[in-house]
Each structure stands twice: as structure tokens, then as C-alpha cells.
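Inside the fold
Spelled out, the chains give:
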Amino acid sequence: MPVVVVESPAKAKTINKYLGANYTVLASYGHVRDLPPKDGSVDPDAGFEMKWEVATDSKKHIKAIVDALKSDPDLILATDPDREGEAISWHLLEALTQKKALKKDTPVRRVVFNAITKTAVTQAMEAPREVDMELVDAYLARRALDYLVGFTLSPVLWRKLPGSKSAGRVQSVCLRLIVEREMEIEAFRAQEYWSVRAGLVTPRGQSFEARLTHFGGKKLDKFDLATQSSTQMAVSAVASRALTVTNVEAKPATRNPSPPFMTSTLQQEASRKFGMGARQTMSAAQRLYEAGHITYMRTDGIDMAPEAVMSARDTIRARFGEDFLPKSPRMYKNKAKNAQEAHECIRPTDMSMGPEKLRITDADQKKLYELIWKRTIASQMEAARLERTTVDISSNDENVVLRASGQVIQFEGFLKVYVEGRDDSDEEDANRLPNMAVGDKLGFDQSSLMGDFTKALDGATASESGGLRLSEGGIIDNSGAVFGQRHFTQPPPRYTEATLVKRMEELGIGRPSTYASIVTTIQDRGYVLKDKGRLIPEDKGRLVTIFLSNYFQKYVGYDFTADLENQLDEVSAGARDWRDLLTRFWRDFKGAVDETAELRITDVLEKINEVLEPHLFPQRPDGGDPRKCQACGEGRLSLRTARSGGAFIGCSNYPECRYTRPLAPNGEESEGDKMLGVEPESGQAVWLKAGRFGPYVQLGEATEDNPKPPRASLPKTWPPAGMDLEKGLRLLSLPRAIGAHPEDGVLVEAGIGRYGPYVKHGSLYANLPEVDEVFEIGMNRAVEVLAAKAASRGAGRGAKAAPLKELGEHPDGGAVQVMNGRYGPYVKWAKINATLPKGTEPEAVTMEEALALIAAKAAKGGKTPRKAAAKKAAPKAAAKKKAAPKKAAAKKS
């Protein structure tokens with residue numbers, strides 16, 4: 001009985017179902033060996049020898065395989081059909097050889113299948129091969145490169161840029177993309193422009209909109225209407241002229257379906273349509289693959305197996321009819337840079353299995369399968385047929401020309417099943433235009449654009465001038481049919497995970513198996529914050545990028561990284577020796593690292609100051625030195641790093657001048673954590689953070705030595721926007737010692753707790769009305785507040801609160817009382833407390849009402865009133881029991 005080894009137990013379960021009882025199917029649970037995270041795991045001086053280590057969790061899985069081979073010495077390695085899968089098979093082979101579980105005559109076969117179906121698995125078993133050492137060499141080269149870069153470059157960062165976490169061969173390049181996009185956004189300056197639209201009506205009474213394209217005999221470019229005054233003239237010109245249709249053009253158009261999914265496009269579309277992150281998408285896809293529902297999900301290819309194409313065509317014919325089926329199958333060729341095309345696209349294993357037939361309970365898997373099925377089916381369907389219409393409208397003197405455009409779908413084609421998402425807004429006018437002919441006289445559609453003008457007002461009032469209503473955001477004629485609208489150019493958008501993966505793919509950075517982990521790593525390292533789906537660089541990420549771009553420019557270069565990926569692909573194709581690749585890389589890289597040995601932290605910070613100066617220190621309106629400290633008037637502002645990591649802008653006159661501000665352009669607050677400044681005594685940063693239970697301040701960062709740094713929640717009356725270093729330090733100084741109580745010498749403190757500001761004396765707490773009083777209250781006031789609290793509670797903290805009303809004896813025994821509690825009045829009997837309904841006066845409660853409330857509360861808690869009374873009586877029984885040992889002792893004597 002051969003022993004078949006796969007990566008996961010889910011995959012093992014599915015394959016076992018197809019192979020039956022004649023095979024033993026076991027899981028390796030991923031990689032069984034890895035390089036230990038310490039120096040020396042890769043030795044460049046010994047031909048890049050690697051010292052592998054079996055993970056603790058993997059030892060039991062290897063033992064299970066070893067035990068199975070004792071009775072059945074026949075090994076089949078059935079790991080995934082890519083470079084990582086080949087590497088896992090090679091590691092298993094090496095580990096089992098070291099354990100002497102494989103003898104010279106033990107047959108070892110490697111089988112691969114792109115889908116976990118009975119047919120694919122059976123065919124794979126009939127066509128075994130050996131482990132592909134060219135793919136293994138490519139894996140070894142990548143693993144060694146990633147180790148050498150990470151374990152050589154990261155210590156340089158720690159020494160030269162305090163607070164940095166790590167650097168990576170691809171992660172640092174990916175981080176650079178995000179940082180450079182943020183710098184583009186910061187450098188962007190919005191430009192004002194205006195547009196003019198008119199609401200028109202045909203002779204047959206049908207309404208439509210047109211936009212102004214020519215004015216004063218000149219074609220309008222985007223910024224030709226740059227001011228309100230020029231737009232005012234244009235609106236008046238349109239509103240005062242008779243308009244006629246001068247040209248009607250209708251053109252047929254076709255729209256072809258998108259190709260089926262590969263890894264990157266699946267991640268992009270799942271992000272657009274469902275907001276799923278790259279890791280979340282790949283996790284759901286992995287489970288679908290292991291259950292046999294889709295083909296392998298890590299691929300650069302978009303081609304489809306011939307039998308799958310024919311199956312898709314059969315499904316289209318059966319579901320939608322011949323009209324939706326093209327005469328010949330659609331063929332797709334991958335255009336992505338560096339595409340390996342080792343596997344086919346991501347598609348359903350059974351095209352006839354529509355989403356409605358598949359029994360999946362997991363929400364992520366369900367919607368991802370539907371997405372994959374629709375995209376695959378649509379990719380083989382007929383193109384959509386459209387008609388695009390353009391109508392030109394002109395005044396008699398041709399002073400103004402307007403254009404209306406629209407389109408109508410004449411045949412749905414693939415759009416019946418699937419429409420691809422977009423990362424930007426679709427400006428194409430999809431509206432159907434009314435029928436018009438050249439020479440038609442058009443009228444104005446009264447008040448059709450008044451709603452748009454009101455929206456542009458945004459609550460402000462409009463003025464009137466020359467028959468027009470004016471506001472900062474818009475101009476409209478008195479009829480409400482011609483509208484001039486103000487716009488501003490927009491900065492490039494921040495990356496989402498989808499658009500970042502798309503850009504990485506375009507540049508040839510990374511591979512399908514690494515996209516998700518790269519995007520996740522830069523977030524886990526604290527270099528990037530994900531907010532509302534957008535990726536925003538943190539201060540740490542920005543500093544790391546500037547450091548690497550200046551001192552290791554070559555190694556965070558897009559072309560260099562893509563070229564290295566090409567060379568690694570050549571290794572997997574057997575066209576390049578992996579050790580030769582590593583030797584060339586290491587020689588230059590080691591030299592670049594050695595050059596930074598004498599580099600001082602002050603040099604690094606000054607270089608970052610220089611590079612980021614336009615963003616950190618923008619020109620002042622008065623033309624003064626933007627780096628001159630405005631607090632003391634003498635010091636010079638520059639970048640500083642805190643011991644705990646992070647950065648801020650500080651004055652060179654420290655400690656005489658303690659001016660600080662966050663590392664954000666134009667002195668604005670950065671998104672995410674905000675540094676309020678530095679605590680003078682410890683030199684640690686004071687941070688404003690957003691936590692699970694609201695905003696709080698924190699001194700320093702959590703470390704292994706100090707996992708719980710000092711923290712203090714913000715009072716509800718203190719908005720985060722108003723926080724500064726002084727307020728942060730005041731909160732962190734709590735509780736505040738007021739002094740020894742005059743009566744007993746016990747310390748009296750003031751602080752802010754779960755229920756607001758308080759003073760404390762021993763175990764007695766008394767609330768304060770205002771937060772500010774915590775920092776100001778003296779001993780006399782504290783003693784007065786504490787005395788009032790003690791008086792309201794009786795003799796002391798342990799004293800019983802007096803009932804508001806005694807109702808009498810419960811039928812089952814025990815007093816029934818109305819009490820006053822923290823959350824309002826309630827009825828008490830034994831261990832049962834029943835809150836009074838809202839609006840019920842405690843003094844008006846009767847015994848009958850109280851018994852009903854108690855019974856309802858007891859039933860809700862799963863108890864009966866009688867049980868509650870019995871529970872109260874239990875201590876007496878226990879007391880009687882306690883006397884028994886005494887009798888026994890007397891008898892003995």
C-alpha cells in the first residue's frame with residue numbers, strides 16, 4: 001500500500017476519497033524544514049551551504065510518515081504543482097533520507113495535478129516523475145537571497161535607524177511603492193476648473209443632458225474655464241441662445257469578456273467586489289482547491305485546458321442558448337511581465353457545477369467560488385454588442401457647441417453573467433439618448449439642474465447677478481437649466497491591496513505565491529496602516545524607504561528587482577546556475593553593506609531631512625526659513641528618532657526648547673498613531689493611539705522587556721484632536737497623590753477610572769464632577785468629598801445600603817425589599833435582583849408587583865423562587881454538619 005504525502009489534511013482527505021483503501025494518504029502540514037532565524041544559516045564562503053532545521057511541530061508529522069513507510073516502503077510525493085510544492089517534496093525526501101526511512105530500493109515517485117478531481121488524480125498516478133531539481137534550485141536561490149538580504153540588511157537598519165523592524169528583498173520594494181505614492185499625494189496641488197452642462201428637451205418632449213465643448217468659437221480644454229467669471233460668461237452665453245442639433249452619429253461597438261483568473265487578478269477582483277484582502281482571498285481559494293472545487297490557485301497563466309473550454313461551452317449552450325456562444329473557443333495569452341505560465345488559469349473543476357448547486361457554508365468560499373465560476377463562464381461567451389451615439393448641438397452663430405453622448409446595449413453577451421470591477425470611476429456615459437435628427441430645435445428643460453446647484457451650495461447662500469444665481473461651487477441660470485460647476489483636480493489615489501498587487505505584477509515584482517505574504521508583512525511590521533481599504537505608510541515605513549533608497553538604491557530599484565526575478569525564472573528553466581546567481585548578487589550587496597559601516601545616525605537623519613525637506617518643512621507664506629523653530633525663534637527644526645522607535649520633528653535647542661510636532665507634511669496630523677512628543681526624563685515617545693476601547697496615550701512602545709508600557713485612556717470630554725504633549729503627560733502621571741489624610745495618615749489620591757474622575761482614600765472612592773478637578777483638587781476639598789460619600793453609604797464601605805421600601809415576607813420565606821442600585825431601583829429577594837420597569841416609582845411598588853418581577857427574573861435565570869430560598873437556607877444545614885466531627889471525637893475519648 002503506497003504512502004502518499006500531500007501538504008494539508010484537507011487535501012489528504014479529498015485525495016483519499018479518490019484513491020481508496022489501497023493507499024495511505026498523510027499530510028506534511030506544509031514545509032517540514034526551514035532555515036533557522038539566526039546568523040550562519042546560509043554560508044556564502046562555503047558555496048552558499050544551507051543549514052536546515054526540522055520544525056518542532058513537523059517532527060511528529062515526519063515520524064508518522066516514517067512509521068507508515070516501515071510497513072509500506074513505497075513513497076509518492078503529491079505536493080502542489082509549483083516551485084513551493086516541489087521544495088516541500090525535496091525537503092521531505094531529504095528529511096526521510098536522514099531518518100534512514102528510505103532504502104536504496106525504496107521507490108520514490110513525484111506526481112502533480114492541477115486540480116483535485118478523480119480524473120486528474122488518477123491520471124497523475126499513471127504518469128509519475130522524479131523531483132524536478134531545477135525548480136528546487138530556483139527555490140534554494142530565492143530562499144538564500146531572502147535570508148541574506150533580511151539577515152544582513154535588517155541589522156544595518158537597527159543600528160543606523162532606531163525603531164526599524166526589518167528589510168526584505170521584495171517587501172522593501174513594495175513598501176517603496178506605497179511611500180512614493182504618498183509623497184506624490186503630499187506634493188500634489190489641486191487646480192481649479194469649471195464645466196458647463198445644460199438640461200435640454202427634444203421637440204417630442206424627451207429630456208437629456210449635454211456638456212459645453214466649444215465656447216467663443218474655440219474648443220474647450222480642461223482648464224480653459226478656470227474661474228467663476230469666465231464660467232459665468234459661458235453659462236449666460238448658453239442660456240441666451242437658441243440651440244439646434246447639427247450632427248448625430250451612431251456607431252456600433254463590441255465589448256469582449258475578460259480572461260479567466262490568475263492569482264493577481266483574482267486578488268484584485270475579490271478586493272474590488274468584496275473588500276477581501278490578499279491573504280483572506282488566498283485562504284478561501286486554498287480551501288476551495290483542497291476540496292476539489294477549483295484548480296490550483298497560485299498561477300501566472302490564463303490559458304485553459306481544452307476539455308475545460310469545451311465543458312464551459314456546453315454549460316453556456318445549456319444555460320443561455322446558442323446566441324451566447326461564439327463560433328470558436330476564445331484563446332487567451334498572458335501579457336504579464338515575467339509570466340511563467342506553468343499552470344492553467346483558476347477555474348472551477350466542474351463547469352456545470354454552478355454556485356447554486358455547490359454546498360458550501362463558508363461565506364468567503366461561497367462568494368469566491370461564484371466569482372470564479374462567473375468569470376470563467378463569461379470568458380468563453382459571446383461579446384456584448386453596443387451602439388454608441390454622439391449628438392452635437394450648436395447655436396446659430398456657433399458661439400457655443402454642446403455634446404451629448406450615450407450608449408445602449410443591443411445584445412448582452414457575456415454581460416448577462418459577469419461585469420468586471422473597476423479601480424476608478426467609469427466616466428463613459430451609459431445613458432440612452434432620445435431619438436434626434438439634424439435640424440431639431442431644442443428647448444431648455446426648466447429646473448432640471450436645480451438639484452445639482454443646491455447640492456453645490458452645500459448649505460451656503462447664493463447671490464444673484466445678471467440673471468444668474470452664484471455660489472462658490474456653482475452657477476445656474478434663473479430657469480435652472482444651465483449649470484456651471486466648480487471642480488478641483490484630484491491627487492492619485494492611495495493603493496488598495498488590489499491596485500498594489502496589480503502594480504507589482506506590471507513591474508514584474510514578486511510572484512503569485514508571494515503577493516499575499518508581501519502585502520501582509522509590511523502591515524505586520526508596522527510600516528503600513530490599512531485604513532478603509534487604503535494603504536497608508538507609517539512614519540517607520542517612510543524612514544526605512546528613504547534610508548534604503550539613499551544607501552541601497554540599487555536593491556530597492558524596480559528594474560533590478562524585476563531583473564532578479566527574471567534570473568530566478570531562468571534558474572527554474574535550467575538556463576542559469578543558482579550558485580552563480582547568488583555569487584554575483586552577494587559580491588555587490590556585501591560591498592554596499594560594508595560601505596555603511598562608518599555611517600553615523602546623525603548623518604542618516606540629516607540625509608532624510610534633506611530628502612524629505614519639501615514635505616517636512618514646506619515654504620512659509622512670509623518667506624521665512626521653514627526650519628526655524630517658531631517656539632523659541634532660535635533653534636533649527638530637524639528629524640529626531642525616539643528610543644522606542646518612530647520619529648518626530650524637534651528643535652535643536654532641546655532641552656531649553658521642548659517644541660515637537662508629528663512627522664507629517666505641513667505640520668498636519670498623520671493618520672494612525674500620533675506622536676505627541678518626548679517625555680523629558682526617559683527620552684521615550686508619548687503616543688496618542690486608537691484602541692479597542694477608545695483613544696489612549698502611551699509612553700514608549702511595547703517590547704519584550706516591557707510588554708505593557710504605561711497607558712492612560714482619554715476622558716470622554718477630551719477629544720483626540722485637542723491632545724498635546726502636556727495633556728498626555730498629565731494623564732500618564734495619574735493617579736496623582738494629594739497627600740496624607742489628616743485623620744489616619746493614609747494616602748489620598750485623585751485619578752480617572754472606569755466610571756470617571758475620582759478621589760480615593762483607602763478603599764473608599766468618591767466621584768468628582770469634572771476631569772480637570774483631578775489635576776487641581778487639594779486636601780480640604782478631597783476630605784469634604786470623601787466625607788460626603790462616606791455619609792451617603794453609612795458607617796463604611798462594608799455597611800449595608802438601606803432599603804427604599806420594605807414590602808414584607810416572601811411566601812417562601814425571606815424579606816422582599818426595594819433597593820437603590822447603580823443602574824436604578826430594583827426589587828431584592830434572597831439572591832434575586834429584579835430591576836423595576838422604567839417609569840415605576842419605588843415607593844409605589846406593591847408586594848404583588850414585586851413577586852411577579854421576582855418570578856420573571858428567576859425564570860429567565862433558569863431558577864425557581866423556591867430554589868432561591870432553599871439556596872439561602874443552605875448555610876444553616878452546613879453549620880449543623882460541621883458539628884459532627886466533635887461528636888466523633890467525644891466518642892473516641
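Above this text sits the structure in question.
On a predicted model such as this, the values are computed, not experimentally measured, just so you know.

Below, the discussion takes up the overall build of the chain. Broken down by element type, the chain carries 24 helices and 36 strands. Looking at the 893 residues of the chain, the share that counts as buried comes to 47%. Summed over all atoms, the accessible surface of the chain reaches about 45600 Å², with 49% contributed by carbon and sulfur.

Moving on, we get to the environment of Glu-269. Within the secondary structure, Glu-269 is located in helix 8 (residues 263-274). A relative accessible area of 0% places Glu-269 in the buried class. Placed 151 residues apart in sequence, Glu-269 and Glu-420 show a C-alpha to C-alpha distance of 7.6 Å. With sequence-adjacent residues up to four places away left out, Glu-269 is seen in contact with Phe-261, Phe-274, Leu-371, Arg-375, Tyr-418, Val-419, Glu-420 and Gly-421. Polar contacts involving the side chain of Glu-269 include one to the side chain of Arg-272, which spans 2.6 Å.

Attention now goes to the nonpolar core. Within the largest apolar cluster, 93 residues are counted, with the highest numbers of intra-cluster contacts made by Leu-96, Leu-161, Leu-500, Phe-547, Phe-552 and Phe-589. For this core, the element with the highest residue contribution is helix 5 (residues 133-160), accounting for 13 residues. When neighbours within four sequence positions are excluded, Phe-589 is seen to be in contact with Leu-148, Val-149, Thr-152, Leu-153, Phe-552 and Tyr-555. Among the nonpolar cores identified, the runner-up in size contains 56 residues, and Met-125, Ala-278, Leu-288 and Ile-360 belong to it.

What follows deals with the pairing of strand 21 (residues 534-537). One ladder, built from four bridges, connects strand 20 (residues 528-531) with strand 21; its direction is antiparallel. By the bridge assignment for strand 21, Asp-531 is matched with Arg-534. In sequence, strand 20 turns back onto strand 21 through a hairpin of two residues, with Lys-532 there showing a positive phi of about 55°.

The residue Thr-213 is located in strand 10 (residues 207-215) in this model. Residue Thr-213 is classed as buried on the basis of its relative accessible area of 14%.

Looking now at the pattern of salt bridges. Inspection of every chain in the model, using the stated rule, returns 49 salt bridges. Asp-74 is paired through a salt bridge with Arg-109; the nearest N and O atoms lie 2.9 Å apart. One end of the pair, Asp-74, is in the loop between helix 2 (56-71) and strand 7 (75-77); the other, Arg-109, is in strand 8 (residues 108-110), with 35 residues separating them in the sequence. A salt bridge links Arg-781 to Glu-784; its shortest N-O distance comes to 3.9 Å. Of this pair, Arg-781 and Glu-784 both sit in helix 21 (residues 779-793), three residues apart, which is roughly one turn of the helix. Using a relative accessible area of 32% as the deciding quantity, one classes Arg-781 as partly exposed. Through salt bridges with shared partners, one network takes in Arg-142, Asp-146, Arg-169, Arg-511, Glu-565 and Asp-569.

Two quantities define a packed helix pair, namely the angle between the helix axes and the distance between the axes. At a minimum axis separation of 8 Å, helix 3 (residues 83-98) and helix 5 run at an interaxial angle of 95°. In this view, helix 3 runs roughly perpendicular relative to helix 5, as classed from their interaxial angle. On the side of helix 3, the interface is formed by Arg-83, Glu-84, Glu-86, Ala-87, Trp-90 and His-91, while helix 5 contributes Met-133, Leu-135, Val-136, Ala-138, Tyr-139, Leu-140 and Arg-142. In terms of residue class, the contact of helix 3 with helix 5 is made up of eight nonpolar, one polar and four charged.

This next bit is on helix 16 (residues 558-572). Over its 15 residues, helix 16 runs 21 Å from end to end, which matches the ideal 21 Å to within 8%, given 1.5 Å per residue. Buried within helix 16 we find Tyr-558, Thr-561, Ala-562, Leu-564, Glu-565, Gln-567, Leu-568, Asp-569, Val-571 and Ser-572. Packing partners of the buried residues in helix 16 comprise helix 5, helix 6 (171-187), helix 13 (497-507) and helix 17 (578-594). At the exit of helix 16 stands Gly-574, carrying a positive phi of roughly 80°.

For helix 22 (residues 847-860), which comprises 14 residues, the first-to-last C-alpha distance of 20 Å matches the rise-based estimate of 20 Å (1.5 Å per residue) to within 8%. Those residues of helix 22 lying buried are Ala-850, Ile-854 and Ala-858. An end-on view of helix 22 places all buried positions within 65° of arc, on one side of the element. Exposed and facing more than 90 degrees away from the buried side of helix 22 are Glu-848, Ala-859 and Lys-860.

Right, let's get into the sheet that holds strand 30 (residues 747-753). The four strands are arranged 29-30-31-32 in an open sheet whose pairing can be described as antiparallel. A strand with exactly one partner marks an edge of an open sheet, and here the two such strands are strand 29 (736-740) and strand 32 (764-767). Each adjacent strand pair in this sheet contributes to an overall mean axis angle of 25°, direction not counted.

Attention now moves to the packing of helix 5 against helix 15 (residues 539-551). Relative to each other, helix 5 and helix 15 sit at 110°, their axes nearing to 12 Å. Relative to helix 15, the element helix 5 lies roughly perpendicular. The handedness of the crossing between helix 5 and helix 15 comes out as right-handed. Of the residues in helix 15, those in contact with Leu-153, Val-156, Leu-157 and Lys-160 of helix 5 are Val-544, Phe-547 and Leu-548. Partitioned by chemical class, the residues of the contact of helix 5 with helix 15 number six nonpolar, no polar and one charged.

The sheet built from four strands is open, its strands ordered 2-1-7-8 with parallel pairing. At either end of the open sheet lies a strand with only one pairing partner, and these are strand 2 (24-27) and strand 8. Recorded for the sheet is a direction-independent mean angle of 25° between the axes of neighbouring strands. Of the strand pairs in this sheet, strand 1 (residues 3-6) and strand 7 are connected by three bridges, and their pairing is parallel. Residue Val-3 lies in a different strand from strand 7, and its bridge partner there is Leu-75. Where helix 1 (residues 9-19) meets the sheet, it contacts strand 1 and strand 2, and its direction lies at approximately 170° from that of strand 2. Against the sheet, helix 2 contacts strand 1, strand 2 and strand 7, and its axis sits at roughly 165° relative to strand 2.

Calculation criteria
- Residues numbered from 1 in each chain as written.
- Predicted model: local features only at pLDDT ≥ 70, side-chain atom pairs only at ≥ 80, totals over all residues.
- Heavy atoms only, no water.
- Helix = DSSP H or I, 4+ residues; strand = E, 2+ residues; numbered from the N terminus.
- Buried < 20%, exposed > 50% of the residue type's maximum accessible area, 1.4 Å probe, protein only.
- Areas by Shrake-Rupley, 256 points an atom, 1.4 Å probe, with all protein chains shown as cover.
- Contact = heavy atoms within 4.5 Å.
- Polar contact = N/O pair within 3.5 Å; in protein donor to acceptor, adjacent residues only side chain to side chain.
- Core = buried A, V, L, I, M, F, W, Y, C linked by side-chain atoms within 4.5 Å.
- Pairing = 2+ DSSP bridges.
- Salt bridge = Lys/Arg side-chain N within 4 Å of Asp/Glu carboxyl O.
- Axes fitted to C-alpha atoms, helices over the stretch in contact; angles between N-to-C directions.
- Parallel < 35°, antiparallel > 145°, perpendicular 65-115°, else oblique.
- Nonpolar A, V, L, I, M, F, W, Y, C, P; charged D, E, K, R; others polar.
- Expected span 1.5 Å × (residues − 1).
- Arc of directions from axis to C-beta.
- Left-handed = near helix turned anticlockwise from the far one by under 90°.

In short, geometric facts, not functional conclusions.
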